[in-house]
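Letter by letter, the chains look like this.
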Amino acid sequence: MNQQIILITGASSGFGALAARALAHAGHTVYASMRETAGRNAAQVAAAADYASEHGVDLRTLELDVASQPSADAAIARIVEQHGRLDVLVHNAGHMAFGPAEAFTPEQFAQLFDSNVLGAQRVNRAALPQLRKQRRGLLLWVSSSSVRGGTPPYLAPYFAAKAAMDSLAISYAAELARWGIETSILVPGAFTSGTNHFAHAGAPADQARLAEYDAAPTAGFGEEILHKLASTVPEDADVASVAEAIVEIVARPYGRRPFRVHVDPASDGAEVVNAVGDRIRAEFLRRVGLGDLLAPRIDAGH
């Protein structure tokens, strides 16, 4: 496998940290980016350095706050300065929130969209000029089965933001194809253990509305949802399978990577619905004479 220069956003923990280590083991140069590398994530930076030294892999950390365009610009500039290129950008940064939708303020919804959607847009605006200059590259988006699969209650802000991000990825795929830039969308299902997604989920700011939902007829509803959601996940479900899927996507030959890959141990139905949606998208593009947008244009020099 050719060594790739890879940037992962939101790689301080969870899928991002696991993917960074797995990709480094596969022989790539991996930048595990996160915010506050000298502050609250200093321990994660040290852990990554120790891991790289212990295993002899090229795993590096990088300051990148997806909420800041200057931070994204500086991170990309540093990578390009050191390597002259960027091969793979993994959009993984995001945040979860749990609670009744009504109890979240509009500002909280905006914060979720900022981290899950606008953050990706900032990083794209920083990275895409380089990828378009190369006429080659891969955008790998970490979506969610909640976009089109089972959607349990009390996760509305997160689900809405992930759906927006998935839609953005689809549009970018067509717009970047003639520039030689490839798109893959990874769709993890619910993993209720092995990450801190649920433990670190945001809570509603409107405590008065939350208290109303904590009374009848929805008293104890949150605990019921989490219990029943966890019951759908097999005991042998391993979050490492998400990282392995990312490694496999990157390893596929350029121009032949899958548009969408599902890693969903709970089998919540997203794969079925996405198969229909992606097929209709492909058929429509072919019908209007834009079928070439379904794959990256490969220059003769590559």
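Structure: above.
What counts, and at which threshold
Residues numbered from 1 in each chain as written. Predicted model: local features only at pLDDT ≥ 70, side-chain atom pairs only at ≥ 80, totals over all residues. Heavy atoms only, no water. Helix = DSSP H or I, 4+ residues; strand = E, 2+ residues; numbered from the N terminus. Buried < 20%, exposed > 50% of the residue type's maximum accessible area, 1.4 Å probe, protein only. Contact = heavy atoms within 4.5 Å. Areas by Shrake-Rupley, 256 points an atom, 1.4 Å probe, with all protein chains shown as cover. Phe/Tyr/Trp six-rings, centres within 6.5 Å; stacked < 30°, edge-to-face > 60°. Lys NZ or Arg CZ within 6 Å of the ring centre and 35° of its normal. Salt bridge = Lys/Arg side-chain N within 4 Å of Asp/Glu carboxyl O. Expected span 1.5 Å × (residues − 1). Polar contact = N/O pair within 3.5 Å; in protein donor to acceptor, adjacent residues only side chain to side chain. Pairing = 2+ DSSP bridges. Axes fitted to C-alpha atoms, helices over the stretch in contact; angles between N-to-C directions. Right-handed = clockwise from strand over helix to strand, strands pointing away.

Visitor: Help me understand the overall build of the protein chain, please; the structure alone is not making it clear to me.
Guide: Along the protein chain, the regular secondary structure elements total nine helices and seven strands. The principal-axis extent of the C-alpha atoms belonging to the protein chain is close to 65 × 50 × 40 Å. The burial tally for the protein chain puts 47% of its 302 residues in the buried class. Taking as baseline every contact in the protein chain between residues at least 6 positions apart, the subset at least 24 positions apart corresponds to 77%. Only carbon and sulfur atoms are counted for the fraction: they give 52% of the accessible area of the protein chain, which is about 13,900 Å².

Visitor: Explain the environment of glutamate 271 to me, please; I cannot follow it from the model alone.
Guide: Assignment of secondary structure puts glutamate 271 in helix H9 (residues 270-287). Classification of glutamate 271 as exposed rests on a relative accessible area of 53%. Sequence separation between glutamate 271 and threonine 61 is 210 residues; the distance between their C-alpha atoms is 33 Å.

Visitor: Would you explain the packing of aromatic side chains in this entry?
Guide: Each aromatic ring pair is summarised here by two numbers: the centre-to-centre distance and the angle between the ring planes. Across all of its chains, the model carries five aromatic pairs by this definition. Between tyrosine 158 and phenylalanine 159, the aromatic rings sit 6.1 Å apart at their centres with planes inclined by 50°, giving tilted as the arrangement. The buried category is assigned to phenylalanine 159, whose relative accessible area is 13%. Note that arginine 21 overlies the ring of tyrosine 51, its terminal NZ or CZ placed 5.0 Å from the centroid.

Visitor: In this structure, what is going on with the pattern of salt bridges? I would like to understand it.
Guide: Opposite charge on two side chains permits pairing when their charged atoms draw close. Scanning the entire structure with this criterion turns up 14 salt bridges. The partner of arginine 60 in a salt bridge is aspartate 58, and the shortest N-O contact between them spans 2.8 Å. On the basis of relative accessible area, aspartate 58 is assigned to the partly exposed category, the value being 26%. Two residues, aspartate 278 and arginine 260, come together in a salt bridge whose shortest N-O distance is 2.7 Å. In this pair, aspartate 278 is assigned in helix H9 and arginine 260 in strand S7 (residues 260-263), connecting sequence segments 18 residues apart. For the pair aspartate 278 and arginine 260, a shared accessibility class is recorded, and that class is buried. Bridged by salt links that share partners, the residues Arg148, Asp166, Arg260 and Asp278 form one connected network.

Visitor: What is the right way to read helix H1 (residues 14-25) from this model?
Guide: Because each turn of an α-helix spans 3.6 residues, side chains separated by three or four positions end up pointing in the same direction. Counted at 1.5 Å a residue, the expected span for H1 with its twelve residues is 16 Å, and the 17 Å between its end C-alpha atoms agrees. The buried count for H1 comes to nine of twelve residues, which makes it a mostly enclosed element. Those residues of H1 not exposed but buried are Gly14, Phe15, Gly16, Ala17, Ala19, Ala20, Arg21, Leu23 and Ala24.

Visitor: Whenever I open this one, the side chain of aspartate 87 confuses me. Can you help?
Guide: Relative to the helices and strands, aspartate 87 resides in the loop between helix H3 (69-83) and strand S4 (88-91). Among the residues examined, aspartate 87 registers a relative accessible area of 13% and is labelled buried. Within the structure, aspartate 87 has its side chain in polar contact with the side chain of arginine 85 (distance 2.9 Å). Not counting the four nearest positions on each side in its chain, aspartate 87 is found in contact with Gln3, Gln4, Ile5, Gly137 and Leu138.

Visitor: Please clarify how the sheet that holds strand S2 (residues 29-34) should be interpreted in this entry.
Guide: The strands making up a sheet associate through backbone hydrogen bonding, with each pair oriented either parallel or antiparallel. Judged by pairing direction, the sheet is parallel, and its seven strands sit side by side in the order S3-S2-S1-S4-S5-S6-S7 without closing on themselves. Sheet topology places strand S3 (59-63) and S7 at the edges, where each strand pairs with a single neighbour. Neighbour-to-neighbour, the strand axes of the sheet open up by a mean angle of 20°, direction not taken into account. Taken together, the three bridges between strand S1 (residues 5-8) and S4 define a ladder with parallel strand orientation. In the strand pairing of S4, leucine 7 is matched with leucine 89. Packing against the sheet, helix H2 (residues 42-55) makes contact with S2 and S3, and its axis sits at approximately 160° to S3.

Visitor: When you look at the pairing of S1 in this model, what are you seeing that I'm missing?
Guide: Sheet faces and side chains relate simply in a regular strand, where the side chains alternate between the two faces. Of the two faces of S1, the one carrying Ile5 and Leu7 and the one carrying Ile6 and Ile8 are both buried. Looking at chain direction, S1 and S2 are connected through four bridges and run parallel. Residue pairing for S2: isoleucine 6 is matched across the bridge by valine 30. With H1 bridging S1 and its parallel neighbour S2, the resulting β-α-β unit is right-handed.

Visitor: Could you clarify how one ought to interpret the environment of arginine 60 in this entry?
Guide: Among the secondary structure elements, arginine 60 is positioned in strand S3. The sequence separation of arginine 60 and threonine 29 amounts to 31 residues, and the corresponding C-alpha distance is 7.7 Å. Setting aside its immediate chain neighbours within four residues, arginine 60 contacts Thr29, Val30, Tyr31, Ala32, Gln82 and His83. There is a polar contact of 3.0 Å between the side chain of arginine 60 and the side chain of tyrosine 31.

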